[in-house]
Amino acid sequence: MSSPLFQSRPLLLLKPTRKIFSLSHPQNNSLNRSPSTHSRNGLTFLRHKKLLTDLSTWGIGGPCNHFVQVFEQTQLVSAIRYCKENSLRFMIIGKGSNCLFDDLGYDGCVILNRIEFLEKIEHGVYRVGSGYPFNRLGVQSATEGLSGLEFAAGIPGTVGGAAFMNAGANGQETGDAIDTMEIITCEGEFQMLNRGDLRFGYRSSVCQDMKNLAAITAVTFRLNNLESARDRQLEYLERRKQSQPLRERSAGSVFRNPSDLGVSAAELIERSGLKGFKIGGAMVSNKHANFFINCGGASSQDMLELIGLVKKTVYQKFGVKLKEEVLYVHPYIEDTNL
Ligand SMILES: NC(=O)C1=CN([C@@H]2O[C@H](COP(=O)(O)OP(=O)(O)OC[C@H]3O[C@@H](n4cnc5c(N)ncnc54)[C@H](OP(=O)(O)O)[C@@H]3O)[C@@H](O)[C@H]2O)C=CC1
Ligand SMILES: C=C(O[C@H]1[C@H](O)[C@@H](CO)O[C@H](OP(=O)(O)OP(=O)(O)OC[C@H]2O[C@@H](n3ccc(=O)[nH]c3=O)[C@H](O)[C@@H]2O)[C@@H]1NC(C)=O)C(=O)O
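Please read all numbers here as calculations on a predicted model, not as lab measurements. (Residues numbered from 1 in each chain as written. Chains lettered and ligands numbered in written order. Predicted model: local features only at pLDDT ≥ 70, side-chain atom pairs only at ≥ 80, totals over all residues.)

**A look at the sheet that holds strand E1 (residues 36-40)**
Phase 1 of the analysis: Strand order in the open sheet formed by five strands is E1-E2-E3-E6-E4, with mixed pairing between adjacent strands. Each of the sheet's edge strands pairs with one partner strand only, and the pair in question is E1 and strand E4 (90-93). Neighbour to neighbour, the strand axes of the sheet diverge by 25° on average, direction disregarded.
Phase 2 of the analysis: Sheet strands in contact with helix H1 (residues 73-85) are E1, strand E2 (43-47), strand E3 (64-70), E4 and strand E6 (106-113), and its direction is about 160° off that of E3. (Pairing = 2+ DSSP bridges. Helix = DSSP H or I, 4+ residues; strand = E, 2+ residues; numbered from the N terminus. Axes fitted to C-alpha atoms, helices over the stretch in contact; angles between N-to-C directions. Contact = placed C-beta atoms within 7 Å.)

Structure representation (structure tokens):
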């Protein structure tokens with residue numbers, strides 16, 4: 001974050017912004033132009049109309065310059081081509097449950113992923129559109145006596161977001177259940193990635209490092225028979241309800257757990273005395289210290305400052321550098337060091 005605008009902000013894990021397209025600049029690409037709508041190849045693009053507040057579970061974010069919803073893989077390709085032809089940077093968003101948008105908005109095109117098909121290839125093998133709700137898939141598969149995604153119940157993301165982040169809980173991870181992944185490259189080509197290509201790690205997948213990934217379009221899961229899968233799923237969900245503030249506006253865990261220290265980020269934050277600590281409308285949850293809540297009118301600056309302060313305090317107290325799990329979306333591409 002080299003720009004003066006962001007000098008005082010904490011270093012959040014940056015989203016892998018699509019860089020292939022030419023860049024717009026804040027001075028000649030105002031985020032506050034008058035709203036309009038136009039159609040192209042059956043897609044409706046909104047200009048300066050959509051607020052990112054409505055697209056993130058945190059309920060934070062200003063206007064985006066361009067916004068389009070896609071319901072099929074071919075529409076996603078069209079949307080990406082449109083961005084390419086018009087030199088727009090773009091991002092694919094699922095449920096916005098892992099993103100921190102800026103109050104200044106986003107100067108490119110936000111593509112909302114609504115590709116929600118589910119195809120049963122054979123018993124235990126599901127091919128699922130990347131916009132399919134991950135939560136629903138977790139309940140559905142467990143109800144059918146299939147094991148592998150019981151942990152997904154209660155997770156507010158999409159299948160694409162979960163695969164991209166390798167979401168996990170209760171000792172299970174998304175990547176463990178994935179057989180293949182279908183993607184679109186920045187050149188607009190479809191590609192199939194096999195299990196061996198995917199290199200999943202704790203909250204990471206090969207997708208996060210792929211320079212030419214435009215979007216994950218579908219994921220094929222291979223699940224195992226387990227009679228007690230539904231009971232396990234219900235137990236995990238109950239545990240989640242007891243320990244996490246699911247009714248509040250959050251983005252799940254803000255920080256990754258430190259590796260090999262045998263202590264969670266939540267415990268470090270709690271032991272720093274920060275539960276309930278508030279900056280503006282942003283607050284460290286009293287229920288779970290690694291969940292930060294928008295308790296009313298939080299700005300992106302409030303949240304960024306809270307993240308920075310928690311990070312600094314934990315470092316001063318324990319010498320541990322916490323690393324963000326949430327992804328900060330820069331309003332302008334020039335503000336990144338990418
Ligand atoms: N374990 C838990 O309890 C919780 C877990 N989570 C997890 O956080 C993640 C958020 O999911 P979701 O809300 O849908 O994601 P988001 O809409 O928050 O998107 C997060 C990032 O994932 C990338 N992404 C999302 N969908 C796609 C796709 N189809 N293809 C390529 N990249 C994609 C986007 O990258 P880009 O912008 O570069 O396109 C985006 O920056 C999930 O893994 C979810 O399970 C969230 C809350 C709680
Ligand atoms: C919510 C997310 O995933 C969650 C996932 O739901 C849960 C359940 O398995 O396990 C991880 O949380 P977590 O490590 O904080 O798990 P928890 O079981 O809640 O807590 C771990 C430990 O921290 C302690 N703890 C927890 C909360 C708190 O306020 N204070 C505290 O001291 C608990 O007592 C426990 O000893 C994932 N988070 C990360 C960063 O790995 C997410 O990724 O967004």
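**Comments concerning the sheet that holds strand E16 (residues 278-279)**
Phase 1 of the analysis: Spatially, the three strands line up as an open sheet ordered E16-E17-E18, and their pairing is antiparallel. Strands at the two margins of the open sheet, each flanked by one partner only, are E16 and strand E18 (292-294).
Phase 2 of the analysis: Here two bridges tie E16 to strand E17 (residues 282-284), and the two strands are oriented antiparallel to one another. Pairing of Ile-279 across the sheet is with Ala-282, part of E17.

**Section: the domain arrangement of the protein**
Phase 1 of the analysis: What the domain assignment reports for the protein is domain 1 (4-114 + 330-335), domain 2 (118-227) and domain 3 (249-326).
Phase 2 of the analysis: Relative to domain 3, the C-alpha centre of domain 2 lies at a distance of 28 Å. (Domains from an automatic or database assignment.)

**Let's talk about the nonpolar core**
Phase 1 of the analysis: Membership of the largest hydrophobic core comes to 89 residues, with the highest contact counts inside it found for Leu-100, Val-110, Ile-111, Val-219, Phe-292 and Met-303.
Phase 2 of the analysis: Per-element accounting of this core gives the leading share, seven residues, to strand E14 (residues 213-222).
Phase 3 of the analysis: Discounting residues that sit within four places of it in the chain, Met-303 has contacts with Trp-58, Ile-60, Leu-100, Ala-282, Phe-292 and Ala-298. (Core = buried A, V, L, I, M, F, W, Y, C linked by C-beta atoms within 7 Å. Buried ≥ 20, exposed ≤ 12 C-beta atoms within 10 Å, placed from the backbone.)

**Overview of the site of ligand 1**
Phase 1 of the analysis: Every one of the 29 residues lining ligand 1 counts as a neighbour, but Gly-94, Gly-157, Gly-160, Gly-161 and Gly-252 are closest to it.
Phase 2 of the analysis: At the level of elements, E4, helix H3 (159-165) and E14 are the ones that each hand at least two residues to the shell around ligand 1.
Phase 3 of the analysis: Here the residues of the shell around ligand 1 are counted per class, giving 16 nonpolar, 11 polar and two charged.
Phase 4 of the analysis: Composition of the shell around ligand 1 by domain shows at least three residues from each of domain 1 (4-114 + 330-335) and domain 2 (118-227). (Near = placed C-beta within 6 Å. Nonpolar A, V, L, I, M, F, W, Y, C, P; charged D, E, K, R; others polar.)

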